[in-house]
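An overview of the molecular structure
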Amino acid sequence: MSTVIESTVKNNEHKKNGLYASVVQQFHKAADIMRLDSSIRDILSMTTNEIIVHFPVRMDDGRIKMFSGYRVQHNDVLGPYKGGLRYHPLVNIDEVRALATWMTWKGAITGIPFGGAKGGIQFDPTQYSLREIERITRRFTFALGNNIGPEYDIPAPDVNTNAQIMAWVLDTYLSMMPPHERHRSTHVVTGKPIESGGSIGRDKATGQGVVYTIVEWAKDRKFDLNGATYIVQGFGNVGSWAARLLKPYGAILVAAEDVTGAIANPDGIDPEVLSDHVTSTGGVAGFHNTIPIDHRAFMESEADMFIPAAMENSITGQTAPLLKVRLVAEGANGPTDQAGDQILREKRIDLIPDILCNSGGVVVSYFEWLQNKRSEFWDLEEVDGKLNRRISRAYGQVREAANKFNVDWRTAAYIVALSRLEKVYKERGLFP
Ligand code: NAD
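Residues numbered from 1 in each chain as written. Predicted model: local features only at pLDDT ≥ 70, side-chain atom pairs only at ≥ 80, totals over all residues. Heavy atoms only, no water.

1. Considering the pairing of strand β4 (residues 116-122)
Counting buried positions along β4 gives 6 out of 7 residues, so the element sits mostly inside the fold. One ladder, built from 6 bridges, connects strand β2 (residues 64-75) with β4; its direction is antiparallel. Bridge assignment links Asn75 to a residue of β4, and that residue is Gly116. Bridge count between strand β3 (residues 81-88) and β4: 4 bridges; the pairing is parallel. Note that in β4 the partner of His88 across the bridge is Gln122. In this region the chain leaves β3, passes through helix α4 (residues 93-110) and returns to the parallel neighbour β4; the handedness of that crossover is right-handed. (Buried < 20%, exposed > 50% of the residue type's maximum accessible area, 1.4 Å probe, protein only. Helix = DSSP H or I, 4+ residues; strand = E, 2+ residues; numbered from the N terminus. Pairing = 2+ DSSP bridges. Right-handed = clockwise from strand over helix to strand, strands pointing away.)

2. Thoughts on the sheet that holds strand β8 (residues 261-269)
If you trace the 7 strands from one edge of the open sheet to the other, you get β9-β8-β7-β6-β10-β11-β12, paired in mixed fashion. Of all strands in the sheet, those bounded by a partner on one side alone are β9 (291-293) and β12 (350-352). Looking at each pair of strands side by side, their axes are set apart by 20° on average, direction ignored. By the bridge criterion, 3 bridges tie β8 to β9 in an arrangement that is antiparallel. (Axes fitted to C-alpha atoms, helices over the stretch in contact; angles between N-to-C directions.)

3. Some details on the packing of aromatic side chains
Scanning the model with the defined rule gives 17 aromatic pairs in all. Measuring from ring centre to ring centre gives 6.0 Å for Phe298 and Phe306, while their planes differ by 75°; the resulting arrangement is edge-to-face. Residue Phe298 shares its accessibility class with Phe306, and that shared class is buried. Site record: aromatic cluster; members linked through ring pairs are Phe55, Phe67, Tyr87, Phe123, Tyr128 and Phe140. Just above the ring of Trp378 sits the side chain of Lys386; from NZ or CZ to the centre is 4.0 Å. (Phe/Tyr/Trp six-rings, centres within 6.5 Å; stacked < 30°, edge-to-face > 60°. Lys NZ or Arg CZ within 6 Å of the ring centre and 35° of its normal.)

4. Brief notes about α4
Here α4 is 18 residues long and its end C-alpha atoms lie 26 Å apart, about the 26 Å a rise of 1.5 Å per residue gives. Where burial is concerned, most of α4 is hidden: 17 out of the 18 residues are buried. The backbone nitrogen of Asp94 has a side-chain oxygen 2.9 Å away, supplied by the residue at the start of α4, namely Asn92. A positive backbone phi angle near 70° is found at Gly111, which sits one or two residues after α4. (Expected span 1.5 Å × (residues − 1). Polar contact = N/O pair within 3.5 Å; in protein donor to acceptor, adjacent residues only side chain to side chain.)

5. Side note on the packing of helix α7 (residues 205-221) against helix α8 (residues 237-246)
Axis separation between α7 and α8 bottoms out at 7 Å; the angle between their running directions is 50°. Relative to α8, the element α7 lies oblique. Considering the relative orientation of α7 and α8, their crossing is right-handed. Residues Thr206, Gly207, Gln208, Val210, Val211 and Ile214 of α7 form the contact with α8, whose own contacting residues are Val238, Trp241, Ala242, Leu245 and Leu246. For the contact of α7 with α8, the residue count by class is 8 nonpolar, 3 polar and no charged. (Parallel < 35°, antiparallel > 145°, perpendicular 65-115°, else oblique. Left-handed = near helix turned anticlockwise from the far one by under 90°. Contact = heavy atoms within 4.5 Å. Nonpolar A, V, L, I, M, F, W, Y, C, P; charged D, E, K, R; others polar.)

6. A look at unusual backbone geometry
Along the chain, Phe431 connects to Pro432 via a cis peptide bond; the corresponding omega equals 5°. Within the fold, Pro432 resides in the segment after α15 (409-428). Non-glycine residue Asn160 carries a positive phi angle of around 65°. Using a relative accessible area of 43% as the deciding quantity, one classes Asn160 as partly exposed. In this model, Lys222 sits at a positive phi of 50°, which is unusual for a non-glycine residue.

7. Digging into the pattern of salt bridges
Counted under the stated rule, the structure contains 30 salt bridges. When the shortest N-O distance is used, the salt bridge between Arg399 and Asp220 registers 2.6 Å. Residue Arg399 is located in helix α14 (residues 380-405), and its partner Asp220 is located in helix α7; the two are separated by 179 residues in the primary sequence. Classification of Asp220 as partly exposed rests on a relative accessible area of 32%. Residues Asp350 and Arg221 are paired through a salt bridge, measuring 2.7 Å at the closest nitrogen-oxygen approach. Highlighted residues: Asp350 in strand β12 and Arg221 in helix α7, separated in sequence by 129 residues. Several salt bridges converge on common partners, so that one network encompasses Arg86, Glu95, Lys118, Asp158 and Glu312. (Salt bridge = Lys/Arg side-chain N within 4 Å of Asp/Glu carboxyl O.)

8. Observations concerning the environment of Ala262
For Ala262, the position within the fold is in strand β8. Sequence spacing of Ala262 and Thr290 is 28 residues, and the spatial spacing of their C-alpha atoms is 9.6 Å. With near-sequence residues (within four places) excluded, Ala262 lies in contact with Ala256, Glu257, Ile291, Pro292, Ile293, Asp294 and Phe298.

9. Description of the nonpolar core
Note that soluble globular proteins tend to have their nonpolar side chains buried in a common cluster. In this structure, Trp105, Ile214, Leu274 and Ile307 are the most contacted members of the largest nonpolar core, which totals 70 residues. Setting aside chain neighbours within four positions, we find Ile307 in contact with Val210, Ile214, Tyr230, Ile231, Val232, Gln233, Ala242, Leu246, Ala329 and Gly331. Counting 26 residues, the second-largest nonpolar core is a separate cluster that includes Phe123, Trp168, Val169 and Tyr173. (Core = buried A, V, L, I, M, F, W, Y, C linked by side-chain atoms within 4.5 Å.)

Function cannot be read off these values alone, since they describe shape.
See the structure below:
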């Protein structure tokens, strides 16, 4: 890890303690403007269930080690709890609360029948063997027990988790069920490998959604993506797919950053070849025909668009003033803190907020869940077409709310989500 990135991570560690508080603040800002019913405001400003499990795992050398895992279920009025699993040394209850809450807003904004949840295990997977990661995953799934379920709470991939890990969650969950119930429970997890019941297009779905929102923005701004330049922070699932999917539009990647460092080439970096390099070496550092740059130089890059697709609190009071872009498309969850948000507004940098921009993942997770329930397999054209329609509709609704309430796009996205939740609460009332 380079020194620069280490300091970014430490900075994040400090700030993460306030992540949930900042989500609640964003929520209250929108709730004030739209005059959200006060009882519904009370309900939505708290999480429903918070599960913390400590569980033992046998290491390759025979020792037993304890791990801590989390699952926070924020709200399920729209449908089963839904949200990813993150493996990271900085995972903590505050972060998971914030991420779970964002999932509720994402389900509401895209009109899918899911509530919000998130989970994770506090550990650094780079320090463990694949077999150890499998056992950690299986023991965590066992420890969660019936706190997850196909019609109750459905995990998916997030930072440092992928289709393979979802296959282990699935297998462990099914192994704990009576045999006659196993085959109707494959939708307990989404983002699975295709052969194990995954959906075509789920792997790239979040990056695809990011690109669909950028295309909508470009139409709105009459901005030509052909020849437009952009930078990406985080070259994992979201960042690398967003970059690869922007290539056919003629957009040019000029800098990329991940935990291994940052690289630049003003003449363009081929995202396909960079993805292969990341797969074989573990990061963007050392990619041919690029120069290594530091974090500050990365944030100061001359480019039209910035896609933060790594961790929270990347765009802050310190880094936002450095940005020279005209659009920030938030592939990551919570990449901009409140001070950063304020500076983006002052600098009149357009923003596609996370709960809209990266919602493609949960939308295609919903498609996977539906296909499993109906024993169907859709082709890529169907998945992409349905995703595009949902994202474009959500984008249009956020634009409409921004104009109607004369607010920034983040607040507008919250208003769209909260309006749907308010309607459902008002229709259903409160038992008893
Ligand atoms: P990933 O594990 O595949 O990739 C994470 C990337 O971020 C890696 O390239 C890593 O090196 C980089 N990174 C981590 N810490 C960094 C730092 N301090 N500075 C620079 N780079 C750093 O994860 P992902 O699934 O691509 O998720 C990325 C973001 O997108 C997260 O905020 C996640 O919650 C969000 N997201 C993911 C999905 C999904 O479907 N995977 C859906 C919606 C939102």
